[in-house]
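Here are the chains, one letter per residue:
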Amino acid sequence: MLRQGWDVTWTVFRHGVGKVGSMTQVQPIKTAGVSGAHLPALDGLRGISILGVLLFHTGHLSGGFLGVDLFFALSGYLITGLLLREIATTGAVSLVAFWGRRIRRLLPALVVMLTAVAVLVWAVGSPDVVRTTLSDGPWVQLNLLNWHLLAESAGYWDRFGPDRVFEHLWSIAVEEQFYLVWPVLVLVIARRGRVGRRVAVAAASVSAVSLVLMVVLADPADPTRVYTGTDTRAFSLLLGALAATRPVQAVLARAVGRSAGAVMALLLTGIGAMWLLADGVDSRWLFTGGLFVHSLAAALLIRLCAQAPQALVAKGLAWRPLRWLGLISYSLYLWHWPVIVLLGPQLPGLGEWARTVLVFAVSIGLAALSKYLVEDPIRFRARWAAGRSGLLVFAAVMIGLAVLWLVLPAPAPAVIDITRLG
């Protein structure tokens, strides 16, 4: 699932755009309105999110797909917190620096996965899987996969099957589109003063419009359009953004007071209940306000974890194994669905839970390798990944991926002999 929601760091660029090429200092995440302490509970929430998605895709949790919604809320909250802190420090937002950080954070692991899976599918996959992989790949690269899949008019819940290895990346596309537009809007708002209040109004207003669009455009027979469309899912990200603003934080602190721990427990229980009750296309209530309520609950829980890190719920979310799962959640999200698709035909004799355990083990192993061998080295230690050299590398990688989709030969379409029909 792309995104500061997958991230737990905040990079301080002390010298402005002119020094973007210099090596920067990476510090623990600082959440808006809170001192610069690291927030382990947010890693734990990421761990819960990816666990829900994995359980959904392996057939064990009907509402586990709502883990993506929780990821969205985290992304909106963390990204907006970063932007507001940069404005407070420098008076503006360096879009070049922001997008550079996003590229260094998200692109390396994505490129490795795309390349490895595409080549493997081409070598051993069925013709149908090869065709869809080569068709979807360029749209993944352009961060427009969600719209590409919608253009093909396939139902979301019916579409998840053995024929597509990249379809889960629709959510990455939604987040990347958010990263492209939201910082620009925040920058425009920052030039007019009273940033926190104006950002809160903007986030709330666009969230309301997004909700109305979801309700109006929802098709009871197939809600795919409103579930994967960027416009109708924007509220999931923007409610997280709203929770990152100081006016909302101040209101929430006064409203909750010393009951933060109890409210957090209620929110977590409500979110868990929705995950148990939701059943995709059959849960029409999700698309008439249910998803909005879930996103709001997620945003409030995220904010309260930052506001009351010593509460019992926050400490539980900071459980070390859950935190570690959250730290590898981005790569785990990238790898888990290709693993499910490619391993499926090879495991006909395994029971349901044995297959699930194997999928989890392989996916987590690949995610850990990605984090420690690809993500962290490039993100923290590769001087060539920043500045002009970073721009050249980025251009080369984009060209290389484009060439990959062109040079891998697609199987010829199946030919039907109409003379044998009838």
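### Quick look at the packing of helix 10 (residues 230-243) against helix 13 (residues 290-307)
Inference 1: As a packed pair, helix 10 and helix 13 sit with axes 9 Å apart at the nearest point and diverge in direction by 25°. When the axes of helix 10 and helix 13 are compared, the pair comes out roughly parallel. For the pair helix 10 and helix 13, the crossing hand works out as right-handed. Where helix 10 abuts helix 13, its residues Arg233, Phe235, Ser236, Leu239, Gly240 and Ala243 lie against Leu291, Phe292, Ser295, Leu296, Ala299 and Arg303.

### A short note on the environment of Ala262
Inference 1: Structurally, the position occupied by Ala262 is in helix 12 (residues 260-277).
Inference 2: Residues Ala262 and Val313, spaced 51 residues apart in sequence, show a C-alpha to C-alpha distance of 8.6 Å.

### As for the pattern of salt bridges
Inference 1: In this structure the tally under the stated criterion is nine salt bridges.
Inference 2: Asp69 is paired through a salt bridge with Arg233; the nearest N and O atoms lie 2.7 Å apart. One end of the pair, Asp69, is in helix 2 (residues 66-90); the other, Arg233, is in helix 10, with 164 residues separating them in the sequence.
Inference 3: The shortest N-O distance in the salt bridge between Arg164 and Glu152 comes to 2.3 Å. Highlighted residues: Arg164 in the loop between helix 6 (156-159) and helix 7 (170-190) and Glu152 in the loop between helix 5 (145-151) and helix 6, separated in sequence by 12 residues.

### Points about helix 15 (residues 320-327)
Inference 1: Those residues of helix 15 not exposed but buried are Leu322, Leu325 and Gly326. The buried residues of helix 15 occupy an angular sector of 100° when the element is viewed end-on, so they sit on one face.
Inference 2: Lining the buried residues of helix 15 we find helix 1 (40-57), helix 14 (312-317), helix 16 (329-343) and helix 17 (352-381).

### Let's talk about the packing of helix 15 against helix 17
Packed helix pairs are characterised by how far apart their axes lie and by the angle those axes make with each other.
Inference 1: Between helix 15 and helix 17, the shortest axis-to-axis distance is 10 Å and the interhelical angle comes to 70°. The pairing of helix 15 with helix 17 is recorded here as roughly perpendicular in orientation. Residue-level inspection shows Trp324, Leu325 and Leu327 of helix 15 in contact with helix 17, the latter providing Ile364, Ala368, Lys371 and Tyr372.
Inference 2: Across the contact of helix 15 with helix 17, the residue classes break down as six nonpolar, no polar and one charged.

### Points about the confidence of the model for the protein
Inference 1: Looking at the protein, the pLDDT average stands at 87 and 86% of residues meet or exceed 70.
Inference 2: Taking the mean pLDDT of every element in the protein, the minimum, 32, falls on strand 2 (residues 25-28) and the maximum, 98, on helix 10.
Inference 3: Segment residues 1-36: pLDDT under 50, and 123 contacts once partners within four positions in sequence are set aside and those in other chains are kept.

### Overview of the nonpolar core
One recurring pattern in soluble globular proteins: nonpolar side chains tend to sit buried together.
Inference 1: If you look at the biggest cluster of nonpolar residues, it comprises 119 residues, and the most contacted ones within it are Leu169 and Trp182.
Inference 2: In terms of residue count, the dominant contributor to this core is helix 2 (13 residues).
Inference 3: Apart from residues lying up to four places away in sequence, Leu169 is in contact with Leu110, Met113, Leu114, Val140, Leu145 and Leu334.

### Section: unusual backbone geometry
Inference 1: Within the chain, Asn143 stands out as a residue other than glycine whose phi angle is a positive 60°.
Inference 2: Looking at the secondary structure, you find Asn143 in the loop between helix 4 (127-141) and helix 5.

### Overview of helix 17
Inference 1: Its 30 residues give helix 17 an end-to-end C-alpha distance of 42 Å, which sits within 8% of 44 Å, the value for a rise of 1.5 Å per residue.
Inference 2: If you look at helix 17, its biggest bend is around 40°, right at Lys371.

### So, the environment of Gly125
Inference 1: Relative to the assigned elements, Gly125 resides in the loop between helix 3 (95-124) and helix 4.
Inference 2: For the pair Gly125 and Val341, spaced 216 residues apart in sequence, the C-alpha to C-alpha distance is 9.9 Å.
Inference 3: When near neighbours in sequence (up to four residues on either side) are disregarded, Gly125 contacts Leu120 and Val130.

### Here we look at a nonpolar patch on the surface
Inference 1: Side chains of Val209, Val212, Leu213, Val216 and Leu217 sit close together on the surface and give an oily, nonpolar patch of about 410 Å² of accessible area.
Inference 2: Relative to the helices and strands, Leu213 is located in helix 8 (residues 195-217).
Inference 3: For Leu213, a relative accessible area of 30% puts it in the partly exposed group.

### Structural notes on the packing of aromatic side chains
Inference 1: Counted according to the given criterion, the structure contains nine aromatic pairs.
Inference 2: The interplanar angle of 15° and the centroid separation of 6.0 Å between the aromatic rings of Phe178 and Trp182 together place this pair among those described as stacked. Taken together, the positions of Phe178 and Trp182, both in helix 7 and four residues apart, correspond to about one turn of that helix. As far as burial versus exposure is concerned, Phe178 and Trp182 are alike and both buried.
Inference 3: One cation-aromatic arrangement involves Arg102 over Tyr179; the distance from NZ or CZ to the ring centre is 5.6 Å.
Inference 4: Directly above the aromatic system of Tyr227 lies the positively charged group of Arg233, at a separation of 4.7 Å from the ring centroid.

### A closer look at the environment of Ser283
Inference 1: Structurally, Ser283 is set in the loop between helix 12 and helix 13.
Inference 2: By relative accessible area, Ser283 is classed as buried at 3%.
Inference 3: Sequence separation between Ser283 and Gly63 is 220 residues; the distance between their C-alpha atoms is 9.6 Å.
Inference 4: Ignoring any residue separated from it by four or fewer positions in sequence, one finds Ser283 in contact with Leu277 and Ala278.

The rules behind these values
- Residues numbered from 1 in each chain as written.
- Predicted model: local features only at pLDDT ≥ 70, side-chain atom pairs only at ≥ 80, totals over all residues.
- Heavy atoms only, no water.
- Axes fitted to C-alpha atoms, helices over the stretch in contact; angles between N-to-C directions.
- Helix = DSSP H or I, 4+ residues; strand = E, 2+ residues; numbered from the N terminus.
- Parallel < 35°, antiparallel > 145°, perpendicular 65-115°, else oblique.
- Left-handed = near helix turned anticlockwise from the far one by under 90°.
- Contact = heavy atoms within 4.5 Å.
- Salt bridge = Lys/Arg side-chain N within 4 Å of Asp/Glu carboxyl O.
- Buried < 20%, exposed > 50% of the residue type's maximum accessible area, 1.4 Å probe, protein only.
- Arc of directions from axis to C-beta.
- Nonpolar A, V, L, I, M, F, W, Y, C, P; charged D, E, K, R; others polar.
- pLDDT = per-residue confidence, 0-100.
- Core = buried A, V, L, I, M, F, W, Y, C linked by side-chain atoms within 4.5 Å.
- Expected span 1.5 Å × (residues − 1).
- Bend = angle between axes of the 7 residues up to and from the residue.
- Patch = residues over 30% accessible without salt bridge, like charges linked within 9 Å, V, L, I, M, F, W, Y side chains within 5 Å.
- Areas by Shrake-Rupley, 256 points an atom, 1.4 Å probe, with all protein chains shown as cover.
- Phe/Tyr/Trp six-rings, centres within 6.5 Å; stacked < 30°, edge-to-face > 60°.
- Lys NZ or Arg CZ within 6 Å of the ring centre and 35° of its normal.

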